[in-house]
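The primary structure of each chain is shown beneath.
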Amino acid sequence: MNPTSRRSDSLILRNVRLPGGDGALTSGPVLHDVHLVDGRVASLAPAGPGARRGGAAGADSLDADGRFLIPGLWDHHVHFTQWVIARRRLDLAATTSAAEVLQLVRGALSSDPALAVEGSEQAGSGVVGYGFRDGLWPDLPSLSSLDEATGSVPVGLISGDLHCMWLNTALQTRLGVSTDASGLLREADSFAVMDQLQDPAALTPEIYRQTAQAAAKRGVVGIVEFENADNISQWPLRTAAGVDSLRVEVSVWPDRLQSALLAGISTGDALDERGLVTMGPLKVISDGSLNTRTAWCWDPYPEVDRLHPHSCGMQTVPMDELQDVMRQARDGGIAAAIHAIGDRANSAVLDAFEALAMPGVIEHAQLLRWEDIPRFARLGLTASVQPEHAMDDRDVADAYWAGRTDRAFPLDALTRAGVPLRLGSDAPVAPLDPWVAIAAAVSRSRDGRDAWHPEQRLDPATALAAATRGGTAKGSHQVSEGDAADLVLVETDPLADPQAVGLREMGVSATLLGGRLTYDGIS
Ligand SMILES: [Zn+2]
């Protein structure tokens, strides 16, 4: 059926099972009926002839036929526009060397000459590729080799972690930038170029709508938006234009903080008429990334010249500036979410939160000193983590954080210390699919490899809770009466899968947002 056709204020989900129940595992299915009224779970009771039917007269119903009911899922770290764009770009994710990247680029240019004029989001501008990871390449990227492969067609290639770009002379000339002989730009220089490669006119509401629906199809009801853009103005326009499959909590970056403060907008404020967009935190990036070897660490990267000023990675904002901007946000009622990947960056950001007596979120928290974990908990901070990055980067981490990876992505240690966890993808770095993050957290494994630091695995209930709005702080991996009717029906019991056999490919049957079906694979 058309997912938008159920518009009534009440709906009954019949014959649902609840995950992890004894009944589901031992004595046969215990089926429940769930009444959704005005966007909330009004009742949840055993199904059957004697079941409550109060207030249900005339309500639509959907027979779940024994499927499992779980809370709606959130992706707590998304760059949505980057994800919209990445889905349309030359995919470099499978490459393992500069030579393989060049081969793909050559192939794209020769097999589809139109790509050079029409294939990218910026017609006539050339090719934009995305997703290479150069941390362990056996060869070096160079400007000359890229020029040789591409000729006069402007080509820009973006790394999977978004912290680096490889661009040819034609594109450099066009944009008025220049690189050294590597052809690479890193951090702020590359962010500036990425901004210029986006043609906003090509990004229509319909493309956003499709991308949001694809997320709903995986059980997503909400995202935290970390796009470096005017999220506060843009998202209400999108929901008004029909991009209505997701709740969106929008962040503001430092360059737009003043205008948010002047407008009197605080974290938690509703920003659109549909009630889907709310104000989130200030986002600040405090260091680089592991793949680009710019994550700021206490110990030097092993293969980097120790005389090099960035041998331990880099701090991308001075401490006093970071605290300044966080203080301004705090005083204006705006929360903070600070990107910190290296252990030294995490120490520094913990210092900043402590100095300001301000709660908030650390984004990534990939490498932590053991002594910083209890401090993390004591300060009441939340860790927003992306478990699939550990699967993408385990070999890079083994090389560049050698001897330290026991405290890389320390999800179990954080949980045990009492730090609330939230899962996310950092899409486009990993796919906008919470089941990928849940599976990575539960298994610490992918593609049949041995688990990487299995002692840091999460149990399925904790991982599932971390992928919901409540996060692990609330321990809310199950649906209760009174909850918002942001719900998902799935094919198998996610709590009965401690080996994560089926989590990554979990069958999602239906997704509801405030009682409205945003994806219906049942009817
Ligand atoms: Zn991010």
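Trainee: Before we move on, could you go through the confidence of the model for the protein and cite the residues and values that matter?
Mentor: Across the protein, the average pLDDT comes to 90, with 90% of residues at or above 70. Here residues 1-7 is modelled with pLDDT under 50, and outside its nearest four sequence neighbours on either side it reaches 13 contacts, counting other chains as well. Scored below 50 in pLDDT, residues 117-124 makes 23 contacts in the model with residues more than four places away or belonging to other chains.

Trainee: Explain the nonpolar core to me, and be specific about the residues and the numbers.
Mentor: Core analysis: the biggest nonpolar cluster contains 84 residues, and Phe80, Phe376 and Trp435 have the highest contact counts within it. For this core, the element with the most residues is helix H12 (residues 343-356), which contributes seven residues. Leave out the neighbours within four places in its chain, and Phe80 touches Tyr208, Thr211, Ala212, Ile223, Glu225, Glu227, Trp235, Leu246 and Leu432. Ala108, Cys164, Trp166 and Leu184 belong to the second largest nonpolar core, which has 19 residues in total.

Trainee: Give me the coordination of the zinc ion: which residues, what numbers.
Mentor: Surrounding the zinc ion are the protein donor atoms His77 (NE2), His79 (NE2) and Asp426 (OD), at 2.0 to 2.2 Å. Within one chain, the residues serving as donors to the zinc ion are arranged as H-x1-H-x346-D. Residue His79 is located in the loop between strand E6 (73-78) and helix H2 (80-86), and its partner Asp426 is located in the loop between strand E18 (421-423) and helix H16 (434-443); the two are separated by 347 residues in the primary sequence. Across this residue pair, the class does not change: His79 and Asp426 are buried.

Trainee: Any chance you could break down the pairing of strand E13 (residues 247-252) for me, citing the residues and the numbers?
Mentor: Every other side chain in a regular strand lies on the same face of the sheet, so the side chains alternate between the two faces. For E13, the tally of buried residues reaches six of six residues, placing the bulk of the element in the interior. A two-sided burial pattern is seen for E13, the buried positions comprising Arg247, Glu249 and Ser251 on one face and Val248, Val250 and Val252 on the other. Across four bridges, strand E12 (residues 220-225) lies against E13 in parallel orientation. In the sheet register, Gly222 faces E13, and the bridge partner there is Arg247. A crossover connection joins E12 to the parallel E13 through helix H9 (residues 231-240); in handedness this β-α-β unit is right-handed.

Trainee: An account of the environment of Ala216 is needed here, citing residue identities and associated values.
Mentor: Of note, Ala216 is situated in helix H8 (residues 205-216). Among the residues examined, Ala216 registers a relative accessible area of 0% and is labelled buried. Along the backbone, Ala216 and Leu73 are 143 residues apart, and their C-alpha atoms lie at a distance of 9.0 Å. If we skip the residues at most four places from it in the chain, Ala216 touches Ser245, Thr511, Thr518 and Tyr519.

Trainee: Hey, could you go over the sheet that holds strand E2 (residues 32-37) for me, with residue numbers and the actual values?
Mentor: Strand order across the open sheet formed by four strands is E3-E2-E1-E4, with mixed pairing between neighbours. Of all the strands in the sheet, just strand E3 (40-46) and strand E4 (60-63) have a single pairing partner and so form its edges. Within the sheet, the average angular offset between the axes of one strand and its neighbour, ignoring direction, is 20°. Pairing geometry for E2 and E3, over six bridges, is antiparallel. Looking across to E3, one finds that Val37 is bridged to Arg40.

Trainee: I'd love a proper account of the pairing of strand E14 (residues 277-285), names of residues and values included.
Mentor: Burial runs high along E14: eight of the nine residues are buried. Pairing geometry for E14 and strand E15 (residues 336-340), over four bridges, is parallel. Note on E15: the bridge partner recorded for Val284 is Ile338.

Procedures and definitions
- Residues numbered from 1 in each chain as written.
- Predicted model: local features only at pLDDT ≥ 70, side-chain atom pairs only at ≥ 80, totals over all residues.
- Heavy atoms only, no water.
- pLDDT = per-residue confidence, 0-100.
- Contact = heavy atoms within 4.5 Å.
- Core = buried A, V, L, I, M, F, W, Y, C linked by side-chain atoms within 4.5 Å.
- Buried < 20%, exposed > 50% of the residue type's maximum accessible area, 1.4 Å probe, protein only.
- Helix = DSSP H or I, 4+ residues; strand = E, 2+ residues; numbered from the N terminus.
- Donors = N, O, S within 2.8 Å, 3.2 Å for Na, K, Ca; no water.
- Pairing = 2+ DSSP bridges.
- Right-handed = clockwise from strand over helix to strand, strands pointing away.
- Axes fitted to C-alpha atoms, helices over the stretch in contact; angles between N-to-C directions.

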